[in-house]
Protein chains: 2
Amino acid sequence: MSSIADVARLADVAKATASRALSGRGYVSAETRQKVVDAARQLGYVASQNAASLVTGRTKSVGVIIPFINRWFFAEVLEGVEEALLEQGYDMTLYNLPLASPERERVFEFFLARKRFDGIVSVGVALSDAEVNHLHRLGRPLVGIGGAIRGVPTISIDDVAAARLATEHLLSLGHRDIVHVGGSRVNEMDFHVHRNRYGGFEAAMTEAGLPVQGCLHTSEFTVPGGHERGLALLGDPRQRPTAIFAASDEIAIGLIVAARELGIQVPAELSVIGIDGHPYSTMFRLTTLEQHPRRQGQLAVASLLAEFENPTLGGHDDASTVLQTNLVIRSSTSAPRQPTVSGS
Amino acid sequence: MSSIADVARLADVAKATASRALSGRGYVSAETRQKVVDAARQLGYVASQNAASLVTGRTKSVGVIIPFINRWFFAEVLEGVEEALLEQGYDMTLYNLPLASPERERVFEFFLARKRFDGIVSVGVALSDAEVNHLHRLGRPLVGIGGAIRGVPTISIDDVAAARLATEHLLSLGHRDIVHVGGSRVNEMDFHVHRNRYGGFEAAMTEAGLPVQGCLHTSEFTVPGGHERGLALLGDPRQRPTAIFAASDEIAIGLIVAARELGIQVPAELSVIGIDGHPYSTMFRLTTLEQHPRRQGQLAVASLLAEFENPTLGGHDDASTVLQTNLVIRSSTSAPRQPTVSGS
DNA sequence: GGTTATCATGGAACCGGTTCCATGATGCGC
DNA sequence: GCGCATCATGGAACCGGTTCCATGATAACC
């Protein structure tokens, strides 16, 4: 493996000149630059980023913390982040930290501390104040995706608004007997997504003068999770709602599969709406609020790179970007067969 | 940010001693080590891996090349790889390279060349000889997952055997009219998985004295892909097979959903078998051949780390590990309703 | 008790880049 | 023609670790 000294020797210039020629910083005559570039090409020279990082302090690498890889939203974000970073010459180093991982502390104290990253992207992870401080002390910018972290710029959709829109769509079709299948409100670490989506549902229902008591049914955010909940929830025709707002498309799809297994017609007997725009939503003809996690990943990277250019001196930069979701109406929702009389 | 010089000063020893005390290499008295460790803790010192890499040549980082993130098999492998690496103190840097990516060359020539990795894991990517040589010239070990690369140790299942087992399961139930829904044979870059799974199917059919002509139906390896193919394939009752061997569970699930939509009873009128052990397979009661991609990822890391310890001097180490798949029988397969007379 | 092996430590070189500083050459304005 | 700004280049220091080598101090052995 050749070093810059080899290149300099071959081009018959000093190391300093070779460095300037290749990096494009400082004065080098066009002629000399060409000599150096030729020599580098001839030797197949690629600069050691490590050595450069040591002196410049820039690593050309970004760390990403994410609780799941094998879930659509997260995988999609990851693809967006990776693509955007690669384009800018950055490496992406991935830390898959389940919400309550024992590795968590180790990652923050050791992995993230060894000065390998120019910045950090935190996806769908609620960071504790201690963790945020830890990262801030490293002096590296941090951006979040999927939920607000105090004092950290964040890319996300407005979960409350999206949930409200979804619920209002069902209400506008004439449904009164609506339940919400989503995450538990008590899970603090899960980034308020659960709470917010329930909150939007609650707001819309209350505004329509409907009670929300007993309307929350919890589920894992997966297809099997929704399926399991669906079998339990829809089994008894007597207490079956006419519409369900699912907190994610995966849950919604599980519900639809369960409904089909139980012989319940969707949407004639049951309307289902989700949030996501999951690739499966088309084949299940699912009405949903589309978001674009890949784009969220790209925006997070753009925001991070901007921070590299001109750091905001640790100021509480609450430049949070809130993205629109758009309602895609397919045929999993319709007016209820016959308007139910409110109150059971 | 404190450096080892700060630690040494605080502990009143030389840099060299501090380094030995913290790394555990070389002679240091217990007493001195304690002094240094205390000083390091007091300063919140974490060694710069960059600086260490520069002199040792070990980066404590592994690069991973993968064509998809948002597919079950790949995401699962990734989780396994990441988990195993983290446990050993390694970082994982991810390159998401779609099969025919324009970025591909740039990643090999530039990103992988900047001496940042101790080794590379290539998942489900058929590398060209040129690419393998390129990596070998870097002198870094390389392991593959999901298909053989010439001269590179690889972790995979025996796709031919698994496909054969799946087909034999259908045959043993009495099916004669079986088709295969899978990948196209012509896609060279797609790691022979398609070819091998078809190959196993073909072998089993031929052995049973059945023709395979016209039995291959291609599909994307996704649920919507299987669904689309299912609607087309199962629409006409006259030429409907009694059983389908799907090359992946996602395809199989798409087929089952399509069958249900068409009012076809599974397994009474149609048996479906897949390969994977996808988490959705339980809820769709899918018979399948389970593989464990997460474990494959872990094994790949183990193999790579072993190579770090004692390099095999670039010898063609064909220590490929072939993992067993095991047949999990659920209720998507059964004997055909009435034995069909062979030959339509 | 002298020689030697083992242990403990410090100084200095080194990894491979980047950047500061000094030096020299050139071009420009007056 | 002189002074100064700009450009081009080389030498050397430096980033933050690790490791080689030299020096001393102990302990072990005959």
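Residues numbered from 1 in each chain as written. Chains lettered and ligands numbered in written order. Predicted model: local features only at pLDDT ≥ 70, side-chain atom pairs only at ≥ 80, totals over all residues. Heavy atoms only, no water.

Some details on the protein's contact with DNA strand D
The immediate surroundings of DNA strand D are formed by 28 residues, with Thr17(A), Tyr27(A), Thr32(A), Ile4(B) and Ser19(B) found nearest. The sugar and phosphate moieties of DNA strand D supply 63% of its atoms located within 4 Å of the protein. Within the backbone of Ile4(B), an N or O atom sits 2.5 Å from a phosphate oxygen of DNA strand D. Lys15(B) is positioned with one of its side-chain polar atoms (N or O) 2.9 Å from a base nitrogen of DNA strand D. At the level of secondary structure, the elements contributing two or more residues to the surface near DNA strand D comprise α2 (15–23) and α4 (49–56) of chain A together with α2 (15–23) and α4 (49–56) of chain B. Element by element, the count of residues in the surface near DNA strand D is highest for α4(B), at five residues. In terms of residue class, the surface near DNA strand D is built from 15 nonpolar, seven polar and six charged. (Near = heavy atom within 4 Å. Polar contact = N/O pair within 3.5 Å; in protein donor to acceptor, adjacent residues only side chain to side chain. Helix = DSSP H or I, 4+ residues; strand = E, 2+ residues; numbered from the N terminus. Nonpolar A, V, L, I, M, F, W, Y, C, P; charged D, E, K, R; others polar.)

A look at the relation of the copies chain B and chain A
Mapping chain B onto chain A calls for a screw motion: a turn of 180° about the axis and a shift of 0.0 Å along it, with 0.1 Å RMSD after fitting. The two molecules are tied by a two-fold rotation axis, judged by turn and shift. No C-alpha of chain B approaches the rotation axis more nearly than that of Thr93(B), which lies at 2.1 Å. A shared interface surface links the copies, since 100% of the contact residues of chain B are contact residues in chain A too. (Least-squares fit on C-alpha atoms with pLDDT ≥ 70 in both. Contact = heavy atoms within 4.5 Å.)

Overview of the sheet that holds strand β6 (residues 178–182) of chain A
All names here are of chain A. On the basis of which strands lie adjacent, the open sheet formed by six strands has the order β7-β6-β8-β9-β10-β12 and mixed pairing. In the strand order of this sheet, the two ends are held by β7 (216–218) and β12 (326–328), each with one partner. The sheet shows a mean angle of 20° between the axes of neighbouring strands, taken without regard to direction. (Pairing = 2+ DSSP bridges. Axes fitted to C-alpha atoms, helices over the stretch in contact; angles between N-to-C directions.)

Digging into the protein's contact with DNA strand C
Close contacts around DNA strand C come from 28 residues, with Ile4(A), Ser19(A), Thr17(B), Tyr27(B) and Thr32(B) the closest. Considering the 4 Å shell around the protein, atoms of DNA strand C inside it are sugar or phosphate in 63% of instances. Side-chain polar atom of Tyr45(A) to a sugar or linking oxygen of DNA strand C: 2.7 Å apart, as the coordinates give it. Between DNA strand C and Arg20(B) there is a distance of 3.1 Å, counted from a base nitrogen to a side-chain nitrogen or oxygen. Contributing elements (two or more residues each) for the surface near DNA strand C: α2 and α4 of chain A together with α2 and α4 of chain B. Per element, the largest residue contribution to the surface near DNA strand C is five residues, and it comes from α4(A). Taken together, the residues of the surface near DNA strand C break down into 15 nonpolar, seven polar and six charged.

Observations regarding the packing of aromatic side chains
Taken as a whole and assessed by the stated rule, the structure comprises 16 aromatic pairs over all chains. Where Tyr95(A) meets Phe117(A), the ring centres are 6.1 Å apart and the plane angle is 85°; that geometry is what we call edge-to-face. Of the two residues, Tyr95(A) sits in strand β2 (residues 91–96) while Phe117(A) sits in the loop between α6 (104–111) and β3 (119–123), which places them 22 residues apart along the sequence. Centre to centre, the rings of Phe110(B) and Phe111(B) are 5.1 Å apart; their planes meet at 75°, and the pair counts as edge-to-face. The class for Phe110(B) is partly exposed, based on a relative accessible area of 33%. Taken together, the ring pairs connect Tyr95(A), Phe110(A), Phe111(A) and Phe117(A) into an aromatic cluster. Seen from the ring of Phe68(A), Arg71(A) lies directly overhead, with NZ or CZ sitting 3.9 Å from the centre. (Phe/Tyr/Trp six-rings, centres within 6.5 Å; stacked < 30°, edge-to-face > 60°. Buried < 20%, exposed > 50% of the residue type's maximum accessible area, 1.4 Å probe, protein only. Lys NZ or Arg CZ within 6 Å of the ring centre and 35° of its normal.)

So, the side chain of Ser53(B)
The topology assignment puts Ser53(B) in helix α4. Under the relative-accessibility criterion, Ser53(B) is labelled buried at 4%. Each residue touching Ser53(B), except ones within four places of it in the same chain, is listed here: Asn50(A), Arg116(A), Arg58(B) and Thr59(B).

Let's talk about the environment of Thr56(A)
Residues and elements named next belong to chain A. Mapped onto the elements of the fold, Thr56 is located in helix α4. Take Thr56: its relative accessible area is 46%, and that puts it in the partly exposed class. Placed 270 residues apart in sequence, Thr56 and Asn326 show a C-alpha to C-alpha distance of 44 Å. From its side chain, Thr56 meets the backbone oxygen of Ala52 in a polar contact 2.9 Å long.

Considerations on the UniProt feature "domain: HTH lacI-type" (unreviewed entry) in chain A
Here the UniProt-annotated "domain: HTH lacI-type" (unreviewed entry) positions come out as residues 2–56 of chain A. Each end of residues 2–56 of chain A is marked by a C-alpha atom, and these two atoms are 21 Å apart; helix forms 71% of the span and strand 0%. (UniProt positions renumbered as here; feature names shortened; annotations may be inferred.)

Considerations on unusual backbone geometry
Of the consecutive residues Val266(A) and Pro267(A), the connecting peptide bond is found in the cis state with omega at 10°. Mapped onto the elements, Pro267(A) comes out in the loop between α11 (249–261) and β9 (271–276). Phi at Arg285(A) takes a positive value of approximately 50°, unusual for a residue other than glycine. Inspection of the secondary structure assignment puts Arg285(A) in the loop between β9 and β10 (287–290). Taking the relative accessible area as the measure of exposure, Arg285(A) reaches 36% and is therefore partly exposed. A positive phi is found at Lys60(B), a non-glycine position, where the angle reads about 60°. Among the structural elements, Lys60(B) can be located in the loop between α4 and β1 (61–66).

Some remarks on the nonpolar core
One finds Val121(A), Val123(A), Ile145(A), Val121(B), Val123(B) and Ile145(B) to be the most contacted residues of the largest nonpolar core, which totals 52 residues. Discounting residues that sit within four places of it in the chain, Val123(B) has contacts with Val64(B), Ile65(B), Ile66(B), Pro67(B), Phe73(B), Phe74(B), Val77(B) and Ile145(B). Within the second largest apolar cluster, 46 residues are counted, among which are Val179(A), Val181(A), Leu234(A) and Ile251(A). (Core = buried A, V, L, I, M, F, W, Y, C linked by side-chain atoms within 4.5 Å.)

Quick look at the pattern of salt bridges
The final tally for this structure, using the stated rule, is 26 salt bridges over all chains. For Arg114(B), the salt bridge is made with Asp91(A), and the minimal N-O distance between the two is 3.5 Å. Of the two residues, Arg114(B) sits in the loop between α6 (104–111) and β3 (119–123) while Asp91(A) sits in strand β2, which places them in two different chains. The class for Asp91(A) is buried, based on a relative accessible area of 0%. (Salt bridge = Lys/Arg side-chain N within 4 Å of Asp/Glu carboxyl O.)

Considerations on the interface of chain B and chain A
Chain B puts 57 residues into the contact, and the matching count from chain A is 57 residues. Carbon and sulfur atoms supply 55% of the area that chain B and chain A bury against each other, a total of about 4,900 Å² over both sides. At the surface where chain B touches chain A, the tally comes to six salt bridges. For the pair chain B and chain A, the interface holds 35 residue pairs in polar contact (both at pLDDT 80 or more). Sorting elements by how many residues they give to the side of chain B that touches chain A places helix α5 (residues 72–87) of chain B first, with eight residues. (Buried area = accessible area lost by both parts, 1.4 Å probe.)

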